[in-house]
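# Structure at a glance
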Amino acid sequence: TKGDLFLKGANIEHFRAFAAKLMEAGVQLEQSAEGLRVWRDADTIKPVDAMTEPFPGLATDLQSPLMALMCLADGASMITETIYENRFMHVPELARLGANIVVQGNSALVRGVKQMKGAAVMATDLRASIALVLIGLAAEGETTVSRIYHLDRGYERLEEKLRNVGANIDRVSDDDAAARAAE
């Protein structure tokens, strides 16, 4: 979303492999005693290849948010999942938003697009749900994520926290979501 955030209390040492991939993509990270500043100066996101691994490698839990970021990269990225089968269940939902992803076995080729488009999508699990919310914030137009009970299992008051840093996000009832989709 091209934001500039300060994550109070965050420590880059807890996710060094993910941080390295973010920096490779052009995201800036600056650690201080109080926390971590995260921002992006460049106009484009660079594509990166990634493979999930046990700690201290790239956590499988961060694969889907990284894939969401790579959907907007200027080029192609290869993401390989080595920890869990069926960890690419979010790919069809990202495709609804305009992503160009081809899955073969445990690898996904992600060809970045200039702009994602808002759509109605469905969370398939906890990790997928956060990826859909994040890419929905960067997409043009409105994105509605259903089945957010997955999200609620791991992210307390997420919409409130995101609104506090400038996101345009609301929790709506199923009826409100259906009405918006029909418009």
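This text follows the structure it describes.
Since the model is a prediction, treat every value here as computed from it, not as a measurement. (Residues numbered from 1 in each chain as written. Predicted model: local features only at pLDDT ≥ 70, side-chain atom pairs only at ≥ 80, totals over all residues. Heavy atoms only, no water.)

## Details of the pairing of strand β3 (residues 35–40)
Our working rule: Burial here depends on accessible area, computed with a 1.4 Å probe over protein chains only, as a share of the maximum for the residue type. Under 20% is buried, over 50% is exposed, and the range in between is partly exposed. Only DSSP runs of H or I covering at least 4 residues are called helices, and only runs of E covering at least 2 are called strands; the numbering of each starts at the N terminus. Pairing between two strands is assigned when DSSP locates at least 2 bridges connecting them.
With five of six residues buried, β3 is to be regarded as a mostly interior element. Relative to β3, strand β1 (residues 4–8) is paired through five bridges, and the arrangement is antiparallel. Bridge pairing links Lys-8 to Gly-35 in β3. Where strand β2 (residues 27–31) lies against β3, five bridges are found, and the strand directions are antiparallel. When the sheet's bridge partners are listed, Gln-31 is paired in β3 with Leu-36. Following β2, the chain reverses through three residues before pairing antiparallel with β3.

## Brief notes about helix α2 (residues 63–70)
Counting buried positions along α2 yields eight of eight residues, so the element is predominantly enclosed. What α2 keeps buried is the set Gln-63, Ser-64, Pro-65, Leu-66, Met-67, Ala-68, Leu-69 and Met-70.

## What to know about the pattern of salt bridges
The condition that has to hold: Each reported salt bridge corresponds to a side-chain nitrogen of Lys or Arg within 4 Å of a carboxyl oxygen of Asp or Glu.
For the structure shown, the criterion picks out twelve salt bridges. One salt bridge connects Asp-61 with Arg-127, and the closest N-O pair in it is separated by 2.6 Å. With a gap of 66 residues between them, Asp-61 in the loop between β4 (50–51) and α2 and Arg-127 in helix α4 (residues 126–138) connect regions that are remote in the sequence. When its relative accessible area of 38% is taken as the criterion, Asp-61 is described as partly exposed. A residue is classified by how much of its surface remains accessible, and Arg-127, at 22% relative accessible area, is partly exposed. Salt-bridge contacts for Glu-93 lead to Arg-96; the nearest nitrogen and oxygen are separated by 3.1 Å. One end of the pair, Glu-93, and the other, Arg-96, are both in helix α3 (residues 91–96), three residues apart, so they sit about a helical turn from each other. Residue Glu-93 is classed as buried on the basis of its relative accessible area of 5%.

## Quick notes on the pairing of strand β5 (residues 76–80)
Test applied: Handedness of a crossover is defined as follows: with both strands directed away from the viewer, a clockwise route from the first strand across the helix to the second makes it right-handed.
For β4 and β5, the ladder comprises two bridges, and the chain directions are parallel. What sits directly across from Met-51, in β5, is Thr-80. In this fold, β4 hands off to α2, which returns the chain to β5; that crossover is right-handed. Sheet analysis places β5 next to strand β7 (residues 107–111), joined by five bridges and oriented antiparallel. Across the sheet, Ile-79 pairs through a bridge with Ala-108, a residue of β7.

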